[in-house]
Amino acid sequence: MSSTPSLAQNTVNRIQANVPPELQQLDQWVCWRKAKREGKWTKVPFQVDGHEAKTNDPATWTSFEAVSAAYLVGKFAGLGFVFSEHDLYTGADFDNCIDGTGTIDPDKLATIRQLDSYTERSQSGLGVHVIARAGLPGPGRNNQKLGREIYDRGRFFVVTGDIMDGFPTTIEDRPEAVAAYYLDARYFRQASKPKTAPPPKQETTLDDQALLDLMFAAVNGAKLRRLWNGDSADYNGDDSAGDQALCNALAFWTGKDAARMD
């Protein structure tokens, strides 16, 4: 499957205009096309030279400019962004949630609103991608039955730039919302025993005060500072909910270091 030059140019233009520059500036881009794997067609990442890319090998990724040029030649179906342990991003994928009238499944819409970060339609036009600035408490999860996936490394998303009216067009800090979704047993099976968490996505060599200063400087820093000072007004005075939110934030910023959280 390849794209016609005019379609490819329109796609590149749309991505350049709509996808946050912070992603475009990273050398974490691949091309993709469909290939048959175990009897099923699936989207496979490719390097610009035509060899397959690997989502766990940064040497097979490149710049947005390079993959755009390769895509415009017409040998690939589109562009993709690879999530890595070395970046600060998590991607949530919601399959087959948009019907023919453009209405989003209410349950998935609630989660999309909860994550409240950059949102775009998927390549099929029937799904939704959300990209937020956050890390996961454990490995990525996939519930094929419900059409829900979430990853912060080792996977790539086909990027479209097909943004949706009424949804965020910028990538936001959402460690609390992402953690709450990831740990929601309605959508993802929870491990019966704790597993070793993946390497933290935040720098944790700073001293405690420096780490707190970094946390308070984040987009949601003012809210976290209020929680730190014992003010749960943002949670309608629910101290338990406020404590949980603060713990989720500390887990993210310390890389789940229990001693530092305490």
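In case you missed it, the structure is sitting above this.
A quick note: this is a predicted structure, and the numbers were derived from the prediction, not measured.

(A) Quick look at the sheet that holds strand β4 (residues 89-94). Pairing is antiparallel in the open sheet, where 5 strands are placed in the order β5-β6-β4-β8-β7. Of all strands in the sheet, those bounded by a partner on one side alone are β5 (118-121) and β7 (141-143). On average, each strand axis in the sheet is inclined to that of its neighbour by 15 degrees, with strand direction left out of account. Relative to strand β8 (residues 148-151), β4 runs antiparallel, the two being bridged by 4 bridges. Its bridge partner lying in β8, Ala-92 is registered against Ile-150. On the sheet, helix α4 (residues 106-115) packs against β4, β5, β6 (128-133) and β8 and is oriented at approximately 165 degrees with respect to β4.

(B) Molecular detail of unusual backbone geometry. The phi torsion at Asn-96 lies on the positive side, around 45 degrees, for a residue other than glycine. When you line up the elements, Asn-96 lands in the loop between β4 and α4. Looking at Asn-96, the relative accessible area reads 63%, which means it is exposed. The phi dihedral of Asp-116 falls on the positive side, at around 50 degrees, and the residue is not glycine.

(C) Highlighting α4. Looking at α4, one finds that the buried residues are Lys-108, Thr-111, Ile-112 and Leu-115. Seen end-on, α4 carries its buried residues on one side only, within an arc spanning 100 degrees. Its buried side turned inward, α4 meets β4, β5, β6, β8 and α5 (175-182). By the N-cap criterion, in which a side-chain oxygen at the helix start approaches the backbone nitrogen of a residue two or three places on, α4 is capped by Asp-105, the distance to Asp-107 being 3.2 Å. Within two residues after α4, Asp-116 carries a phi angle of roughly 50 degrees, on the positive side.

Reading guide: rules and limits
- Residues numbered from 1 in each chain as written.
- Predicted model: local features only at pLDDT ≥ 70, side-chain atom pairs only at ≥ 80, totals over all residues.
- Heavy atoms only, no water.
- Pairing = 2+ DSSP bridges.
- Helix = DSSP H or I, 4+ residues; strand = E, 2+ residues; numbered from the N terminus.
- Axes fitted to C-alpha atoms, helices over the stretch in contact; angles between N-to-C directions.
- Contact = heavy atoms within 4.5 Å.
- Buried < 20%, exposed > 50% of the residue type's maximum accessible area, 1.4 Å probe, protein only.
- Arc of directions from axis to C-beta.
- Polar contact = N/O pair within 3.5 Å; in protein donor to acceptor, adjacent residues only side chain to side chain.

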